Amino acid sequence: MTDIDVLVLGAGAAGLMCAIEAGKRGLSVLVIDHAKRPAEKIRISGGGRCNFTNLHTTPANFLSQNPRFCVSALKRYTPQHFLKLVEAHRIPWHEKTLGQLFCDNAAMDIIHMLLREAEAAGVKLWMETSFTAVSKPDDRFSVATSRGALRTRALVVATGGPSIPKMGATGIGYEIAKQFGLAVVPPRPALVPLTFSDDNKILCTKLAGVSVDAVVSFGKTRFREGLLFTHRGLSGPSVLQISSYWREGQPITVDLLPQADVFAALKAGKTSHGKQDVRTALAGLLPKRLAEELSAAHGFGGRLADQPDKVLQKTGSAINSWQLLPAGTEGYRTAEVTLGGVDTTALSSRSMEANDVPGLHFIGEVVDVTGHLGGFNFQWAWASGHAAGQAVLG
């Protein structure tokens, strides 16, 4: 029986950050994970360069049933704090659009940094170690693992959500929460491509590979970023963002040309270039392949001069406010994160500790706090991990 102060379940971004902070405080800390290598989500993120934070992080960039829950942790550990750590390890980085920070070289730089920090803090790491049971028979937790039984004064659940199951992701953290009486907000895939099953799927398949700057809206929520047509539907940053808000059975609206009023452009062309075909005019506004396929799908065509304004207005609406009804999403297979998770009403926003179970903490993606695309979910991992690491057994 191994007896320790803090046991962290999950060697991802949040788990490692928590372990580092707890280790710095002189606590004996062990991190266990069933994977062969730590921080696999960090390794594959940002196209292999890890979008490790976002300079513009605010609570407004997160979804939760309690939007204020994330405020405390984010305020106490900011993007500047993590950037200071990155620079202390001399990791070269650069800023992309919208405040997104990436490694110049590779995501492994961030992983190596965390592992060095963990080693310096005296943290022990057991990979390829699974756990089969968790209980609290007395004032300590008992955890049965593939490497023997453990007893710990504090248990930190940093197991993430079920997104990207091929990496071994599961919903085990939710099961632990329920075991100890904590509610779980029903999880669902987030930051995930949308799929279609009607004529729009045929259109998207024909346009697979085409990308444009677009505004994608659902209700009052809208995002203007890149949109990508795929063989199954729509992807790209704007679509991934809206997927966290979209609900089944309801349409989304896509503006394929947010920088121009298509109806106004066609009406002006009717006067100045009346002999021009509608398809040709659209090809001057949109990528040619997109203009051709949209024209074929909607029956656009004929000389501009021959088109009543009502027809041109319908054409413009099909491009500036295209209504689509998704059939669903690509699911956890490609979802970058999981929406929902451990209900924050059961947790302390200062320490991430369960209000009614002393010593039990939940951090990172397993909690009902989900960030927008662009480094926000990593910042939540750092901030929530830091909060728990600073508070555990305090």
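Residues numbered from 1 in each chain as written. Predicted model: local features only at pLDDT ≥ 70, side-chain atom pairs only at ≥ 80, totals over all residues. Heavy atoms only, no water.

J.: Would you explain the packing of aromatic side chains in this entry?
T.: According to the stated counting rule, one finds eight aromatic pairs in the structure shown. Considering the side-chain rings of Phe82 and Trp382, the 4.2 Å spacing of their centres and the 10 degrees angle between planes classify their relative orientation as stacked. Here Phe82 is found in helix H4 (residues 79-88), whereas its partner Trp382 is found in helix H13 (residues 376-391), with 300 residues between them in sequence. Phe82 sits in the buried class, given a relative accessible area of 0%. Trp382 sits in the buried class, given a relative accessible area of 0%. Arranged with centres 5.9 Å apart and planes meeting at 45 degrees, the rings of Phe223 and Tyr245 form a pair that is tilted. Within this pair, whereas Phe223 is found in strand S14 (residues 221-229), its partner Tyr245 is found in the loop between helix H8 (237-243) and strand S16 (252-255), the two being separated by 22 residues in sequence. Counting every residue linked through ring pairs, the aromatic cluster contains Phe52, Phe82, Phe378 and Trp382. The lysine or arginine in question, Arg147, covers the ring of Trp126, its NZ or CZ lying 4.2 Å from the ring centre. (Phe/Tyr/Trp six-rings, centres within 6.5 Å; stacked < 30°, edge-to-face > 60°. Helix = DSSP H or I, 4+ residues; strand = E, 2+ residues; numbered from the N terminus. Buried < 20%, exposed > 50% of the residue type's maximum accessible area, 1.4 Å probe, protein only. Lys NZ or Arg CZ within 6 Å of the ring centre and 35° of its normal.)

J.: Help me out: how do you make sense of the layout of surface pockets in this one?
T.: Remark: the empty space left among the atoms is shown by a probe the size of a water molecule rolled over them. In this structure, the second largest pocket occupies an estimated 160 Å³ of space. Arg153, Glu353, Pro358, Gly359 and Leu393 are the residues nearest the centre of the second largest pocket, which is lined by 13 residues in total. (1 Å grid on protein atoms, 1.4 Å probe; cavity = no way out; pocket = protein on both sides within 12 Å on 5 of 7 lines; lining within 4 Å. Points joined across faces, edges and corners; volume = space filled by probe spheres on them.)

J.: Please explain the nonpolar core as it appears in this structure.
T.: The biggest cluster of nonpolar side chains holds 82 residues, and the ones touching the most others in it are Ile42, Phe82, Ile110, Leu182, Phe362, Trp380 and Trp382. Not counting chain neighbours up to four residues away, the residues in contact with Ile110 comprise Ile42, Cys50, Phe52, Phe82, Val86, Ile91, Cys103 and Trp382. Core analysis: the second largest hydrophobic core is formed by 38 residues, Cys204, Phe223, Ala281 and Leu324 among them. (Core = buried A, V, L, I, M, F, W, Y, C linked by side-chain atoms within 4.5 Å. Contact = heavy atoms within 4.5 Å.)

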